[in-house]
Amino acid sequence: MADVIRDPAAMSAWSEAARARGERIAFVPTMGALHAGHVSLLDEGRRRGDKLALSIFVNPTQFGPGEDLARYPRDLVGDLAKASMVDVAFVPEPAAMYPAGSQTFVQVRELEKGLCGERRPGHFVGVATVVLKLFNIVRPHVALFGEKDFQQLAVITRMVRDLDVPVEVVGLPTLREADGLAMSSRNAYLSPDDRKRAASLSRGLRAAKARHDAGERRAAALLDVARAELAVDRLDYLELRDISLVPIDVVDIDRPAVMLVAAFVGATRLIDNLRL
C-alpha cells in the first residue's frame, strides 16, 4: 500500500529525502478515476524511476463554468488499489494547492490557441499552473503523460522548456478499448448507446490514417474520410495539424501530421487524435 500524503510540505519532504539518497523519482499526475491507460503510465514510471509518485487531484482551475467539476468521477479507494505499484500518492485538497489569495497563473500563449484551448477558455492556464505547482512540490526527475491529451502534452512540454523546469516530460501512446475508443475517465458517463457511438471517433481517425497510408495527401479529403465515420451529437472540431500543433493550411500535407477530434456524444465531451 502506497503512503498517502495530503500536505504539500510533507510531499516535498518525502521527495527531498529520496533525492538525498540519490534516488530517481518518476511521477504520474492524474485527476483520479484511474483506468488502464493511467496504469500503463505508472508501469512505465516504475521502470524509469527508483521511486514512483502519483498525484490524484481534481484541479478546479482547469474546469470552466458549466463543466463537470462537481460530478467528475472520484474513487480514491479504487484508485489506490489500481496504483499498488506506487511508493507515494499525493492527494491534496484544493485549499492546499490554491491558498486564499492565490493570483499567479501560467500561460503558454501560442500552444493554447485553437482546438480545446478555444472551446474551453482558460483550461490550459489551469493545466499549466497546476502541473508546474505539482512539479515544484513533488520534484520529480521524470513525469509521464498520455498522448490522448495531445495539446495538453504540447503545452506542458513547452512550459517545461520555456521556464527551465528540470523535469523530463515523457509522452506515451494512447491506450484504447478493444473497439478503438481511447481510454478516458469520462467514458464512465456514457450510456450503452453512447458508448457504441463514441467508438466512431477512433474509427474516423483510423479511416483517415488508412487513406493517408495509401498515399492520399489532400488535407480536405482526409478530413472528409474521418468526418464520414463520425456518429456524434455535436462536433467540436476535426483538424489536421503538424506534430508541433501548427495548423496545416496547405492543400496537400507536406510534413508529419496529427489529426485531432473533439465531439459530444450525448452530454459527454470526448477527445482523440492519431498521427498520420
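Residues numbered from 1 in each chain as written. Predicted model: local features only at pLDDT ≥ 70, side-chain atom pairs only at ≥ 80, totals over all residues. Heavy atoms only, no water.

Q: Help me understand the overall build of the chain in this model?
A: Secondary structure assignment for the chain yields 9 helices and 9 strands. Expected size for 276 residues packed as a compact globule is a radius of gyration near 19 Å; at 19 Å, the chain falls within 12% of this value. Expressed as lengths along the three principal axes of its C-alpha atoms, the size of the chain is roughly 55 × 40 × 40 Å. A total of 276 residues make up the chain; the buried ones form 54% of that total. Within the chain, contacts between residues separated by at least 24 positions form 72% of all contacts whose residues are at least 6 apart in sequence. Charge centroids of the chain, computed over 37 positive and 37 negative side chains, lie 1 Å from each other. (Helix = DSSP H or I, 4+ residues; strand = E, 2+ residues; numbered from the N terminus. Rg over C-alpha atoms; globule rule 2.2 N^0.38 Å. Buried < 20%, exposed > 50% of the residue type's maximum accessible area, 1.4 Å probe, protein only. Contact = heavy atoms within 4.5 Å. Lys, Arg positive; Asp, Glu negative; His and termini not counted. Charge placed at Lys NZ, Arg CZ, Asp CG, Glu CD.)

Q: For this particular structure, what's the right way to read the sheet that holds strand 9 (residues 268-275)?
A: Across a sheet, paired strands are connected by hydrogen bonds in the backbone, their directions being either parallel or antiparallel. The antiparallel open sheet is built from 3 strands, whose spatial order is 7-8-9. Of all strands in the sheet, those with a lone pairing partner are strand 7 (234-242) and strand 9, marking the two edges. Averaged over all adjacent pairs, the angle separating strand axes in this sheet is 10 degrees, with direction ignored. Sheet analysis places strand 8 (residues 257-265) next to strand 9, joined by 8 bridges and oriented antiparallel. Bridging across to strand 9, Ala262 finds its partner in Ile271. Against the sheet, helix 9 (residues 219-229) contacts strand 7 and strand 8, and its axis sits at roughly 145 degrees relative to strand 7. (Pairing = 2+ DSSP bridges. Axes fitted to C-alpha atoms, helices over the stretch in contact; angles between N-to-C directions.)

Q: When you look at the packing of helix 8 (residues 192-213) against helix 9 in this model, what are you seeing that I'm missing?
A: What describes two packed helices is the angle between their axes and the distance between those same axes. Here helix 8 crosses helix 9 at 150 degrees, and the two axes come no closer than 7 Å. The angle between helix 8 and helix 9 falls in the class roughly antiparallel. When you trace helix 8 past helix 9, the crossing you get is right-handed. Seen from helix 8, the contacting residues are Ser200, Arg203, Gly204, Ala207, Ala208, Arg211 and His212; seen from helix 9, they are Leu222, Val225, Ala226 and Glu229. In terms of residue class, the contact of helix 8 with helix 9 is made up of 5 nonpolar, 3 polar and 3 charged. (Parallel < 35°, antiparallel > 145°, perpendicular 65-115°, else oblique. Left-handed = near helix turned anticlockwise from the far one by under 90°. Nonpolar A, V, L, I, M, F, W, Y, C, P; charged D, E, K, R; others polar.)

Q: For this particular structure, what's the right way to read the sheet that holds strand 3 (residues 51-56)?
A: The 6 strands are arranged 1-4-3-2-5-6 in an open sheet whose pairing can be described as parallel. On the outer flanks of this sheet lie strand 1 (3-5) and strand 6 (168-172), each paired with one strand and no other. Averaged over neighbouring strand pairs, the angle between their axes works out to 25 degrees when direction is ignored. By the bridge criterion, 3 bridges tie strand 3 to strand 4 (residues 88-90) in an arrangement that is parallel. Bridging across to strand 4, Ala53 finds its partner in Val88.

Q: Looking at this structure, how should I read the nonpolar core?
A: In summary, soluble globular proteins display a tendency toward joint burial of nonpolar side chains. Ranked by internal contacts, the top residues of the largest apolar core, which has 44 residues, are Met11, Phe90, Met97, Val131, Phe135, Met159 and Leu245. Of all elements in the fold, only helix 1 (8-20), strand 2 (25-30), strand 4, helix 5 (115-119), helix 6 (123-138), strand 5 (142-146), helix 7 (150-162) and strand 8 reach the threshold of two or more residues within this core. If you tally residues by element for this core, the top one is helix 6, at 10 residues. Setting aside anything within four residues of it in sequence, one finds Phe90 in contact with Ile5, Arg6, Asp7, Pro8, Met11, Leu54, Ser55, Ile56, Met97, Leu134, Ile137 and Val138. In terms of nonpolar packing, the next biggest core, distinct from the first, is built from 23 residues, Ala198, Leu230, Ile248 and Leu274 among them. (Core = buried A, V, L, I, M, F, W, Y, C linked by side-chain atoms within 4.5 Å.)

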